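Now for the letters of each chain:
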Amino acid sequence: MAKKLRLGFHRELSGAQQEQAMAIYYDTQNWRAIVKQDIESRWRIHFTDEKIKEVLRYDAKQRDTYFSGGQICLLWQDEQEWKTIGTIHTVVTLQESIQNMFPKRDTWNEFTTYGRLSSQIYNPLGTRWACFAIQTDKQMDKEKVGVKPADIILKSVRLQAYAQQNEYEELEERVDFSAGFREAIGTHTLVEYINPLTRLSGFSRCKEKFRELSAQEYASCIERIVRKEVDESGRLQEISEIAKTCSLRYHLSRGARIEKVIEEFRVHDAASLGYGASVLYAR
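Residues numbered from 1 in each chain as written. Predicted model: local features only at pLDDT ≥ 70, side-chain atom pairs only at ≥ 80, totals over all residues. Heavy atoms only, no water.

Asks: Before we go on, may I ask you to explain the pairing of strand 2 (residues 71–78) in this structure?
Replies: For a regular strand, the rule is simple: side chains alternate between the two faces of the sheet. Taking burial as the measure, the eight residues of strand 2 include seven buried ones, the bulk of the element. Of the pairings in the sheet, the one linking strand 1 (residues 5–9) to strand 2 comprises five bridges and is antiparallel in character. The residue of strand 2 that forms the bridge with L7 is L74. Between the end of strand 2 and the start of strand 3 (residues 81–93), which pair antiparallel, lie two residues, with E79 showing a positive phi angle near 60°. (Buried < 20%, exposed > 50% of the residue type's maximum accessible area, 1.4 Å probe, protein only. Helix = DSSP H or I, 4+ residues; strand = E, 2+ residues; numbered from the N terminus. Pairing = 2+ DSSP bridges.)

What follows is the structure, encoded as structure tokens:
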């Protein structure tokens, strides 16, 4: 039976598929509002959507230049056409390169150069595989694809970084690998941790309900929710309902642990009140 999912790198995509990847990132349900404010604050001028898309196209080329193997894309075969349905931006780097950014205002943008990457960040001898947000086409859910697209993307990073045989076999059963993707598996042998830098989405809504709640407490509540703990007050249940799609919750539920909650992580992220977290997946 032919596989309907394929993993490859952004540089391998056609022009149309690269446009689909950019459109997913700039979708209203993904990052549009934050990206627009980030870009406008950087240049201190108003940008039209078309101008922002031009910037995002340039940024994608920059990422491909510095670390093409980290710009992973998931494609879905719709009839005879392969369509991009998910992407992730990643970079292999040094532990200290990430940790030195924690105290800086607007950490995410400082680290990624506003999503562009730089030669100062990428280090092929790095011990951490830093991941920025997973973007997926919101119309392509688990029911339609047969699996949660974000899970496949996350597993693709694990496979690239750790090259474990059981994970290779599990993913290959379901997904076709491009030539470039297959060739790159296991070429970064020094990586100790996959290190997503993720949002505390849902924190703003929880803060409205529980005004005394700090970002650290919110993150701790998410940890307890994932561990299926129960409290007599019912607060965890209320937070759980609000934080159903919390980015931090997603990673913790897949086996990551929190390294640090970061203040002013991405200052234009209103849903997270600017907070984020560094989380770690071990081998």
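Asks: Mind showing me how you'd approach the environment of T198 here?
Replies: Along the chain, the position of T198 falls in strand 6 (residues 193–199). On the basis of relative accessible area, T198 is assigned to the buried category, the value being 6%. Note: C-alpha distance between T198 and N30 (168 residues apart in sequence) is 13 Å. With residues up to four places along the chain from it excluded, the contact list for T198 reads S247, L248, H251, F265, G276, A277 and V279. (Contact = heavy atoms within 4.5 Å.)

Asks: How do you make sense of the nonpolar core when you look at a structure like this?
Replies: Nonpolar side chains in soluble globular proteins tend to end up buried together. Counting 83 residues, the largest nonpolar core has L7, F111, W129, F177, Y218 and L248 as the members making the most contacts within it. The biggest single contributor to this core is helix 7 (residues 149–162), with eight residues. Dropping the residues within four chain positions of it, F111 is found in contact with V91, T93, S97, I98, M101, I121, A130, F132 and L197. (Core = buried A, V, L, I, M, F, W, Y, C linked by side-chain atoms within 4.5 Å.)

Asks: I keep staring at helix 3 (residues 49–67) and nothing clicks. Help me out?
Replies: Helical periodicity: at 3.6 residues per turn, an α-helix aligns residues three or four positions apart in one direction. In this model helix 3 runs 27 Å from its N-terminal to its C-terminal C-alpha over 19 residues, within 8% of the 27 Å that 1.5 Å per residue would give. Where helix 3 is concerned, the buried positions are I52, V55, L56, D59, A60, Q62, R63, D64 and F67. Those residues of helix 3 that are buried are in contact with helix 1 (15–25), helix 2 (32–43), strand 2, strand 3 and strand 4 (128–136). (Expected span 1.5 Å × (residues − 1).)

Asks: Quick question: what am I supposed to make of the packing of helix 1 against helix 3 here?
Replies: Between two packed helices, both the angle of their axes relative to each other and the distance between the axes serve to describe the pair. Contact geometry for helix 1 and helix 3: axes closest at 10 Å, N-to-C directions at 120°. The element helix 1 and its partner helix 3 pack so that their crossing is right-handed. Along its contact with helix 1, which presents E19, M22 and Y25, the element helix 3 presents K53, L56 and R57. Within the contact of helix 1 with helix 3, the residues separate by chemical class into three nonpolar, no polar and three charged. (Axes fitted to C-alpha atoms, helices over the stretch in contact; angles between N-to-C directions. Left-handed = near helix turned anticlockwise from the far one by under 90°. Nonpolar A, V, L, I, M, F, W, Y, C, P; charged D, E, K, R; others polar.)

Asks: Can you walk me through the packing of helix 11 (residues 215–226) against helix 12 (residues 235–242) in this structure?
Replies: Running from N to C, helix 11 and helix 12 cross one another at 95°; their axes reach a closest spacing of 10 Å. By the angle between their axes, helix 11 is roughly perpendicular relative to helix 12. Every residue of helix 12 that contacts helix 11 at Y218, C221, R224 and I225 is listed here: R235, L236, I239 and S240. (Parallel < 35°, antiparallel > 145°, perpendicular 65-115°, else oblique.)

Asks: Teacher, can you tell me more about the sheet that holds strand 5 (residues 175–177) here?
Replies: In a beta sheet, neighbouring strands are held together by backbone hydrogen bonds and run either parallel or antiparallel to one another. Taken together, eight strands build an open sheet; the order of strands is 5-1-2-3-4-6-8-7 and the sheet is mixed. Looking at strand neighbours, the two that pair on one side only are strand 5 and strand 7 (257–262), the edges of this open sheet. Direction aside, neighbouring strands of the sheet carry axes that sit 25° apart on average. Two strands pair when backbone bridges link them, and strand 2 and strand 3 are joined in this way by eight bridges, in the antiparallel orientation. Its bridge partner being in strand 3, D78 is matched across the sheet by E81.

Asks: Got a minute to help me understand the pattern of salt bridges in this structure?
Replies: Pairing between side chains becomes possible if they bear opposite charge and their charged atoms approach one another. Counted under the stated rule, the structure contains 20 salt bridges. When the shortest N-O distance is used, the salt bridge between E19 and R57 registers 2.7 Å. On the criterion of sequence distance, the pair formed by E19 in helix 1 and R57 in helix 3 is long-range, its members being 38 residues apart. Within this structure, R224, R227 and E229 form a network of salt bridges that share partners. (Salt bridge = Lys/Arg side-chain N within 4 Å of Asp/Glu carboxyl O.)

Asks: What exactly am I supposed to notice about the packing of aromatic side chains here?
Replies: Aromatic rings in a pair are described by how distant their centres are and how their planes are angled relative to each other. All chains considered together, the criterion is met by ten aromatic pairs. A ring pair is formed by F177 and F181, whose centres lie 5.1 Å apart and whose planes are at 40°; its orientation type is tilted. Its relative accessible area of 5% is what places F177 among the buried residues. What links up through ring pairs into an aromatic cluster is the set F9, Y168, F177 and F181. It is K4 that lies over the ring of W76; its NZ or CZ is 5.0 Å from the centre. Cation over ring: R199 sits above W31, and NZ or CZ is 5.1 Å from the ring centre. (Phe/Tyr/Trp six-rings, centres within 6.5 Å; stacked < 30°, edge-to-face > 60°. Lys NZ or Arg CZ within 6 Å of the ring centre and 35° of its normal.)

Asks: Just to check I follow, could you spell out a positive patch on the surface for this structure?
Replies: Among the surface-exposed residues, K138, K142, K148 and R174 lie close enough to one another that they form a single positively charged patch. Within the secondary structure, K138 sits in the loop between strand 4 and helix 6 (142–145). (Patch = residues over 30% accessible without salt bridge, like charges linked within 9 Å, V, L, I, M, F, W, Y side chains within 5 Å. Areas by Shrake-Rupley, 256 points an atom, 1.4 Å probe, with all protein chains shown as cover. Lys, Arg positive; Asp, Glu negative; His and termini not counted. Charge placed at Lys NZ, Arg CZ, Asp CG, Glu CD.)

Asks: Can you help me understand unusual backbone geometry in this one?
Replies: The residue R44 is not glycine, and still its phi comes out positive at about 60°. The residue R44 is located in the loop between helix 2 and helix 3 in this model. Exposure remark for R44: the relative accessible area of 74% places this residue in the exposed category. A positive phi angle, near 70°, is found at L117, a position not held by glycine. Within the secondary structure layout, L117 lies in the loop between helix 5 (107–112) and strand 4. Overall, L117 belongs to the buried group, its relative accessible area being 3%.

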